[in-house]
Amino acid sequence: MNNAKATTLGIQHLLAMYAGAILVPLIIGGALGFDSSQMTYLVAIDIMMCGIATLLQVMRGKAFGIGLPVVLGCTFTAVFPIIAIGTDKGIGAIYGAIIASGIIVVLISGFFGKLVKFFPPVVTGSVVTIIGISLIPVAINNMGGGQGAPDFGSASNITLAMTTLVIILLIYRFSTGFTRAISILLGLVISTVIAAFIGKVDFSPVVDASWFHMVQPFYFGTPTFDIGAIITMTLVAMVSLVESSGVYFALSDITKQKIDSKDLARGYRSEGLASIIGGIFNAFPYTTFSQNVGLLKMTGVKERKVIIFTGVMLVALGFLPKVAALTTIIPTAVLGGAMLAMFGMVVTQGITMLAPEISLSPENAMVAAISVGLGAGVVFVPNIFAVLPEGVAILTSNGIVCGSVTAIVLNIVFNMIGSKKVDPMHTEAPEMIDVAKVAEVK
């Protein structure tokens, strides 16, 4: 394949994942009160880190890289935990937790196959559902213009949000292939243009941004290491590894490239390393983007060269603040409309994972019911267990941790201790990609 064709196909992959890549820093930065210059840096460093993480994974070395044509980005399952940690513990705790969870992933990568039995679909599905439910209020608040905004809930904000949602739905309904894959991105662009005509877009961040900058480690501050935050991000990382396993096996089947436990270990190790580097440069943890797998199947082009070009372009964009600043001018209400679609898909991803498990046995139904109910309950009423000792509060003060631990423990009680049932990880790995294709939000 010549470089011109590889570049064109690489741009397609970049566009397919771009909306998901930029929404994560925009949502997190907005929730944590970042100013325009901080938002520009956050978007730029995230785009660059998506490229670095992708290159780490697509290369095949002795210790790192699964060597499959996979694109990496920050999973939406990490959004709410990061916001919660930043709000409660501060910015430093976010990056300390990301770095620590990355180190843990690197350390356990060789024997994660033995730990994966504690994360069957009924557990991961419950966790994803809890996270999805937790994200919906973020979308609704942004649809109104952002919590605390002077024009919150105004007619113009609601109209912009609903216009964005309708545009996304129309594109998704009446298009196919690549156009459908970038429906979120197109919805954001079209609605921002509409917002500009009615005076809802401030272009000053783009004007003020420089054309080139050098990234720097610990831009937002020195990391701190809080045990509760580390547990939260480690659980998120475990769920991501389980989902990534499905993507790896799906790509193995598509490319006819067999993978074994050593290949998986290199893949997990690369995700952990990407998270460590992301934490150092104040970005995010990184995992496989399933929408690019769908694009790869659609185009039929399976060469790693295309993904390498995508990674290089992402890294190059990360050094261009002007480009990053373009994303920060998207009105909050427009983001809210897109978030509702994407976060709703996170919920449906969890439901899709849970549905066959619940029908499989009443025990699984109970595991899902209690863990989702308790996890979501703690998200909405965070002080419910405030009277418990501090050591226990680490597991109960965060809805994600509380729901995850509950799901793991109940699964052990119902499906593992003294049970003669089939292995709870009964779902074949290649089939796990069906969940990812439905979600298209990682």
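This one's a predicted model, so the numbers in the text were calculated from it and none came from an experiment. Residue positions are given per chain, counted from 1 along the sequence in the order it is written. Local features in this predicted model are restricted to residues of pLDDT 70 or higher, and side-chain atom pairs are both shown and tallied only at a pLDDT of 80 or more, whereas totals for entire chains, interfaces and linings draw on every residue. Where side-chain values are given, they derive from all heavy atoms of the structure, hydrogens and water being excluded.

1. What to know about helix α9 (residues 183-197)
Let me state the cut-off plainly: We count a stretch as a helix when DSSP gives it H or I for four or more residues in a row; a strand needs E for two or more, and each element gets its number in order from the N terminus. To estimate how far a helix should reach, multiply one less than its number of residues by 1.5 Å.
An ideal rise of 1.5 Å per residue puts 21 Å on 15 residues; α9 measures up with 21 Å between its terminal C-alpha atoms. Directly beyond the C-terminal end of α9, a positive phi value near 75° is found at G199.

2. Structural notes on the packing of aromatic side chains
As a reminder of what qualifies: Paired rings are identified among Phe, Tyr and Trp, the last through its six-membered ring, by centres lying within 6.5 Å, and are further divided according to the angle between planes into stacked (under 30 degrees), edge-to-face (over 60) and tilted (the rest). Note on classification: 1.4 Å probe, protein chains only; a residue is buried when its accessible area is under 20% of the maximum for its type, exposed when over 50%, partly exposed between these limits. Two conditions define a charge sitting above a ring: the NZ of Lys or the CZ of Arg must be within 6 Å of the ring centre, and it must be within 35 degrees of the ring normal.
Counted under the stated rule, the structure contains five aromatic pairs. With 5.8 Å between their ring centres and 80° between their planes, Y41 and F220 make a pair best called edge-to-face. Here Y41 is found in helix α2 (residues 36-58), whereas its partner F220 is found in the loop between α10 (204-208) and α11 (227-255), with 179 residues between them in sequence. With a relative accessible area of 17%, F220 lands in the buried category. Among the aromatic residues, those joined into a ring-pair cluster are F34, Y41, Y219 and F220. Sitting over the ring of F174, R173 keeps its end group 4.9 Å from the ring centre.

3. Observations concerning the nonpolar core
Basically, it comes down to this: Throughout this description, the term nonpolar core refers to a set of buried Ala, Val, Leu, Ile, Met, Phe, Trp, Tyr and Cys residues connected via side-chain atoms within 4.5 Å. Any two residues whose heavy atoms approach within 4.5 Å are treated as being in contact.
Of all hydrophobic cores here, the largest spans 127 residues; its most connected members are I27, F76, I184, L188, Y286 and F343. Looking at which element gives the most residues to this core, the answer is α11, with 14 residues. Excluding residues within four positions of it along the chain, L188 makes contact with A19, L23, I330, V334, L335 and A338.

4. Some remarks on the side chain of S109
Note the threshold: Throughout this description, a polar contact denotes any pair of N or O atoms lying within 3.5 Å of each other; where both atoms belong to protein, one of them has to be capable of donating a hydrogen while the other can accept it, and for residues adjacent in sequence the pair is counted only when both atoms sit in side chains.
Its location among the elements puts S109 in the loop between α4 (91-108) and α5 (112-115). The class of S109 is buried, set by a relative accessible area of 3%. Side-chain polar atoms of S109 contact the backbone oxygen of V106, separated by 2.8 Å. With near-sequence residues (within four places) excluded, S109 lies in contact with A265, Y268 and R269.

5. Regarding the confidence of the model for the chain
Where we set the bar: For every residue, the predictor assigns a confidence score, pLDDT, that lies between 0 and 100.
Residues of the chain with pLDDT of at least 70 account for 90%, and the chain-wide mean is 82. Low pLDDT, under 50, characterises residues 427-442; the predicted model gives this stretch 43 contacts beyond four residues in sequence or across chains.

6. Let's talk about the pattern of salt bridges
Test applied: The term salt bridge refers to a pairing of a side-chain nitrogen on Lys or Arg with a carboxyl oxygen on Asp or Glu at a separation within 4 Å.
Tallied over the full model, the rule gives four salt bridges. Of the charged contacts in the structure, one is a salt bridge between D151 and K200, with a shortest N-O distance of 3.2 Å. With D151 in the loop between α6 (121-143) and α7 (155-174) and K200 in the loop between α9 and α10, this residue pair connects regions lying 49 residues apart in the sequence. In this structure D151 comes out as partly exposed when scored by relative accessible area, which is 30%. Accessibility expressed as a relative area gives 26% for K200, which makes it partly exposed.

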